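These are the residues of each chain, in order.
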Amino acid sequence: MFAQTKSDLYLPILPEEKNKIKVELFSPSVLFAPIAKDEIVGNVVVKIDDIIISKSPLISDRDVRRKNFIDMIKDVFLRAVRK
């Protein structure tokens, strides 16, 4: 699964602020399926000098279904074949 913002971020900044931009991503260390496409899975925060100038949700770019027992066996088999 990949996460992205709903749209590109455009932020007006001064030329001298360019090197002061800090981008932080916040999301759980573990996500559990099922996850729906467009579900919020975290946030991206943009700061200049520790002042938040933008905060946007990170959304899933696809559906992630929960694996069943057969799916897990297939994964184990495929990993063993690739070695």
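On a predicted model such as this, the values are computed, not experimentally measured, just so you know. (Residues numbered from 1 in each chain as written. Predicted model: local features only at pLDDT ≥ 70, side-chain atom pairs only at ≥ 80, totals over all residues. Heavy atoms only, no water.)

Thoughts on the environment of Leu 78
For clarity, the threshold we go by: In this description a helix means any DSSP run of H or I spanning at least four residues, a strand means any run of E spanning at least two, and both kinds are numbered starting from the N terminus.
With respect to the helices and strands, the residue Leu 78 is situated in helix 1 (residues 69-82). For the pair Leu 78 and Arg 62, spaced 16 residues apart in the sequence, the C-alpha separation amounts to 23 Å.

Concerning helix 1
So the rule is basically this: In this scheme, a helix's expected span is set at 1.5 Å multiplied by one less than its residue total. The rule is simple: take the accessible area with a 1.4 Å probe, protein chains only, and divide by the maximum for that residue type; under 20% is buried, over 50% is exposed, in between is partly exposed. Definition of a polar contact: a pair of N or O atoms within 3.5 Å, with one able to donate and the other able to accept a hydrogen when the atoms are protein atoms, and with sequence-neighbouring residues admitted only if both atoms are side-chain atoms.
An ideal rise of 1.5 Å per residue puts 20 Å on 14 residues; helix 1 measures up with 20 Å between its terminal C-alpha atoms. Here helix 1 lies mainly on the outside; one of its 14 residues are buried. N-cap assignment for helix 1: the residue whose side-chain oxygen lies 3.1 Å from the backbone N of Ile 70 is Asn 68.

Details of the pattern of salt bridges
The test is simple: The working definition used for a salt bridge is a side-chain nitrogen of Lys or Arg within 4 Å of a carboxyl oxygen of Asp or Glu.
Taken as a whole, this structure holds seven salt bridges when the rule is applied. Asp 49 is the partner of Lys 20 in a salt bridge, and the nearest nitrogen-oxygen pair spans 3.8 Å. With Lys 20 in the loop between strand 1 (3-4) and strand 2 (21-26) and Asp 49 in the loop between strand 3 (40-48) and strand 4 (51-60), this residue pair connects regions lying 29 residues apart in the sequence. Taking the shortest distance from any N to any O, the salt bridge between Glu 24 and Lys 47 comes out at 3.4 Å.

Concerning the sheet that holds strand 2
Put simply, the test is: Two strands pair if DSSP finds at least two bridges between them.
Reading across from one edge, 1-4-3-2 is the order of the four strands in this open sheet, with antiparallel pairing throughout. This sheet does not close on itself; its edge strands, each paired only once, are strand 1 and strand 2. Summarising the sheet, strand 1 and strand 4 pair through two bridges and their orientation is antiparallel. Note on strand 4: the bridge partner recorded for Gln 4 is Ile 59.

Quick look at unusual backbone geometry
Going from Ala 33 to Pro 34, the amide bond is cis rather than trans, its omega being 5°. Relative to the helices and strands, Pro 34 resides in the loop between strand 2 and strand 3. One non-glycine residue, Asp 38, lies in the positive phi region at around 75°. In this structure, Asp 38 sits in the loop between strand 2 and strand 3. You can call Asp 38 partly exposed: its relative accessible area is 41%. Its identity as a non-glycine residue notwithstanding, Asp 50 has a phi of 65°, on the positive side. Positionally, Asp 50 belongs in the loop between strand 3 and strand 4. By relative accessible area, Asp 50 is classed as exposed at 61%.

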